[in-house]
Each structure stands twice: as structure tokens, then as C-alpha cells.
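What the coordinates show
What follows is each chain in one-letter form.
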Amino acid sequence: MRDAVIVQAVRTPVGRRNGGLAEVHPVDLSAHVLGALADRAGIDPTVVDDVLWGVVGQVGEQAANVARSAVLAAGWPEQVPGSTIDRQCGSSQQALHFAAAAVISGQADVVVAGGAESMSRVPMGSARRNGPGVPFGPLMAERYGDHEFNQGLAAELLAQRHDLSRTWLDDYSLTSHQRAARAREAGAFDAEIAPLPGVAQDEGIRPDSSAEGLAGLRAAFTTDGVVTAGNSSQISDGAAALLVTTSERAHELGLTPWARVHTAVAVGEDPIAMLAAPAPATARALERAGLTADDIDTFEVNEAFASVVGAWLATTGVSTDRVNPLGGAIALGHPLGGSGARIATTLVHHLHAQGQRYGLQVMCEAGGMANATIFENLRR
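Quick look at the structure, then.

Reading guide: rules and limits
- Residues numbered from 1 in each chain as written.
- Predicted model: local features only at pLDDT ≥ 70, side-chain atom pairs only at ≥ 80, totals over all residues.
- Heavy atoms only, no water.
- Buried < 20%, exposed > 50% of the residue type's maximum accessible area, 1.4 Å probe, protein only.
- Helix = DSSP H or I, 4+ residues; strand = E, 2+ residues; numbered from the N terminus.
- Pairing = 2+ DSSP bridges.
- Phe/Tyr/Trp six-rings, centres within 6.5 Å; stacked < 30°, edge-to-face > 60°.
- Lys NZ or Arg CZ within 6 Å of the ring centre and 35° of its normal.
- Core = buried A, V, L, I, M, F, W, Y, C linked by side-chain atoms within 4.5 Å.
- Contact = heavy atoms within 4.5 Å.
- Right-handed = clockwise from strand over helix to strand, strands pointing away.
- Expected span 1.5 Å × (residues − 1).
- Arc of directions from axis to C-beta.
- Salt bridge = Lys/Arg side-chain N within 4 Å of Asp/Glu carboxyl O.

**Thoughts on the pairing of strand S5 (residues 110–118)**
Counting buried positions over the nine residues of S5 gives nine, a clear majority of the element. Two strands pair when backbone bridges link them, and strand S3 (residues 50–54) and S5 are joined in this way by five bridges, in the parallel orientation. The residue of S5 that forms the bridge with valine 51 is valine 112.

**Quick notes on the packing of aromatic side chains**
The final tally for this structure, using the stated rule, is five aromatic pairs. Ring geometry for phenylalanine 221 and phenylalanine 305: centres 6.2 Å apart, planes at 75 degrees, overall edge-to-face. Of this pair, phenylalanine 221 sits in the loop between helix H7 (211–215) and strand S6 (236–245) while phenylalanine 305 sits in the loop between strand S8 (298–301) and helix H10 (306–316), and the two are 84 residues apart along the sequence. Among the aromatic side chains, those forming a connected cluster through ring pairs are Phe136, Tyr144 and Phe149. Against the face of phenylalanine 189 rests arginine 11, its NZ or CZ located 5.2 Å from the ring centre.

**What about the nonpolar core?**
Core analysis: the biggest nonpolar cluster contains 44 residues, and Leu275, Ile296, Trp312, Val323, Leu360, Val362 and Ile374 have the highest contact counts within it. When contributions to this core are tallied by element, the ones reaching two or more residues are helix H5 (151–161), helix H6 (166–186), strand S7 (259–268), helix H9 (278–289), S8, H10, strand S9 (358–365) and strand S10 (369–377). The dominant element in this core, judged by the number of residues it contributes, is H10, at six residues. Ignoring anything within four residues of it in the chain, the contact list for leucine 275 reads Gln151, Ala154, Ala155, Leu158, Phe305, Val308 and Cys364. With 36 residues, the next largest nonpolar core counts Leu34, Val47, Val55 and Ala239 among its residues.

**Quick notes on the pairing of S3**
Buried residues dominate S3, accounting for four of its five residues. For S3 and strand S4 (residues 82–85), the ladder comprises four bridges, and the chain directions are parallel. Its bridge partner lying in S4, glycine 54 is registered against isoleucine 85. Once you follow S3 into helix H2 (residues 66–73) and on to S4, the crossover reads as right-handed.

**Side note on H9**
The end-to-end C-alpha distance of H9, which contains 12 residues, comes to 16 Å, matching closely the 16 Å that a straight helix rising 1.5 Å per residue would cover. Listed in full, the buried residues belonging to H9 are Pro278, Ala279, Ala281, Thr282, Ala285, Leu286 and Ala289. Along the axis of H9, the buried positions cluster into a sector of 160 degrees, meaning they face one direction only. Among the exposed residues of H9, those pointing more than 90 degrees away from its buried face are Glu287 and Arg288. Where H9 is buried, its residues touch S7, S8, H10, S9 and S10. Downstream of H9 by one or two residues, glycine 290 has phi in the positive range, about 70 degrees.

**Observations regarding unusual backbone geometry**
Trans peptide bonds make up most of the peptide bonds, and negative phi angles are found at most residues other than glycine. Even without being glycine, alanine 64 reaches a positive phi, approximately 60 degrees. Structurally, the position occupied by alanine 64 is in the loop between S3 and H2. We classify alanine 64 as exposed; its relative accessible area is 71%. The phi dihedral of asparagine 324 is positive, around 50 degrees, even though this residue is not glycine.

**Remarks on the pattern of salt bridges**
Scanning all chains against the criterion turns up eight salt bridges. Its salt-bridge partner being arginine 121, residue glutamate 61 comes within 2.6 Å of it at the nearest N-O pair. In this pair, glutamate 61 sits in the loop between S3 and H2 while arginine 121 sits in the loop between S5 and helix H4 (137–144), placing the two residues 60 residues apart along the sequence. For arginine 260, the salt bridge is made with glutamate 376, and the minimal N-O distance between the two is 2.6 Å. One end of the pair, arginine 260, is in strand S7; the other, glutamate 376, is in strand S10, and 116 residues separate them in sequence. Residue arginine 260 is classed as partly exposed on the basis of its relative accessible area, which comes to 27%. Shared partners join several salt bridges into a network, and the residues in it are Arg11, Glu192 and Asp202.

**Describing the environment of asparagine 18**
Here asparagine 18 shows up in the loop between strand S2 (15–16) and helix H1 (26–41). When its relative accessible area of 59% is taken as the criterion, asparagine 18 is described as exposed. Once residues lying within four places of it in the same chain are set aside, the contact partners of asparagine 18 are Ser120 and Asp237.

Structure (C-alpha cells):
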């Protein structure tokens, strides 16, 4: 029986908006991790059957199929194809799901899954700036009324539903920075990062973040709200990639399987609340895997907003010490299309470093969706 295993995973440092990666074209950013992936795996890129790449803002410099452009920019053989995927924030996690499905089904033997986003160069929402309601059409308006489908307002709604106070959100955000700072200081990210000139580490981590500083920030979306820039994910630049194959093909190529893609699901939820889908996605993944939350050693819940994680914790009952132990997008940053692959890369490396068996990652996505993936560490 064919399986899907990860044999290498690498990412760029995550850059701040207008930071050290702002001058790097998103195609070149993507090409950088493709090159690092092949070099670290020690493979000839001719063995790659496809490159599946998540990008959210598919406009301007991120238009015209970044996946294919990145393959060519990396100097890989012209016969290696590529396709760019949009499942909003979960785009590169979905790329990983498609890659696993491709190798399990026999449509391919070796696939690269990853993604990128340069939010400095292609601002968030660029692909929708053609007037109000343009992407959705009249039938959507007929069904849902005159709604903005605004993620910030959805984050406020989650906080209200689960009675998450401003203090709780800010405390969680402070913890994210503290965990990420400790992880960086301990070298926990070193093995997964492929530095670029002048940028060797994640730029968004603020070791000096304080409760007082966070408390002084204004609400970002409503005058009396609790969601601020400080308890939301950072606008970032970055890319990540994973090499996916079967155990059999890995053996033929002399590669060591790192982790198995054990279970992969996607779910839909209310598009107005929008950010509530991670909990049902987690439940579905565990059910399909025949596992319980107690079987999972580490959870990665994307920190799009602190309220997303708070709602997930309240719904699942999982203890916070097993969630985002190295910090998350509030501290590390959230380069939209690259975040799913970034989180998977960090999680697979973390499972190996800690000798843990199972990890689960889940991400909320615009439109009221979520992807959830369970990995089984094979290097214990």
C-alpha cells in the first residue's frame, strides 16, 4: 500500500513587513526554498513530478503561476511543472494535502508542496481591490446579505462567543512572543531555516513585548473591541517547502522518511463567523485517524488572531502547554500562502527534536474553512 512521507522540510526566515525580505521578489523567495530543499535532500530535481505552491494574493508579482515561475527561477529542469493553489491562509497546507493524495494515488512519486507570500510587495487584499462585493457576486449577496466577510470582525465575534477578554488575548499574545524568543535563543528553528543574505532569523519576534505595551494598543476593528494589532498575526514575507514521496520511492532515492502524512481533512463553516472552523476540522481529523486529542503530542493552531486559538482551546479542552510550544503567527508572522507549509515544517522538525509521535496542525481560512493535518513522526 502506498503512503505519503515527508523526507525534507525547509523554510525561509519570516520577515517583517518592509523588513529584510521586502526587496526579494516572491518568485525568487520561492526559488530560494526550492533550491535549499533539493540541496538538503541531496536530490536531482529531475525526480520531482510536480510542484504545488500556495499563494493567496495571486496578482501583480504573485500572478501568472508562481509555482511554475519558481521552478524556472530555481534553475530546475524545464520539464518539472508547477501549479499555484488558493485556499486562502491554508493554501500551502492544502498544497501538502494534494501532494500526499498524488503520491498515495500513484499519480506522482515525488512532489514538492509549499507556498510563499510577500505581503510587503503584494499587500493583503490586492486581488480584491476592484470595488465592494466584486469577488462574490449577486447570488452570494442574496444568500448572506450585505456582509463584508471581514476577518477582524469574525475575530471579535469569536471573542464574544467564548467570553475571551482583552486581558486573555493580550496574555496569550505575550506568551507567543516569549515562547518564540526562547525557541530562537535555544536554536530550535536553526535546522529548518534556509537563511537569505542579511536575514538569518525570524524578524517578528519581540522578546521585550510586555503586558503594558499590549494593553496600550487600540482596538483594530471596532471602537469597543478586544482585537488589536498586538493580539493578531503579523503581516509578513516568507516561503516554505516540503518534499513528499512514498516510503518505497524514498528508499530507492536513499532518503530517510521523516514523517508520515497520517490524515488530511478540510471542512467548511459559516463564512460570516469565518474563523470558527479549526475546532470541527480538528474533530474530523481525529475521527478519521482513529485517534483522540490525548494521542496528539503537539498541536499547531495558526495564530491568525489570539481569539482563534482561544475559541479552539475552549471548544476542544486541550491544555495550552501542548499548543504552539514554539510560538505562532502572532510572534513569528503569517505570510499567508506560505504559512501552512511553514507550520508543517516547524512541526515536523519539532516532533523529531522532542521524540514525539503525533502532531496536528490546523488553520482557519477566509470563507469559513479550515484544513487539519496529522503527522506521524517516523524518526523517533
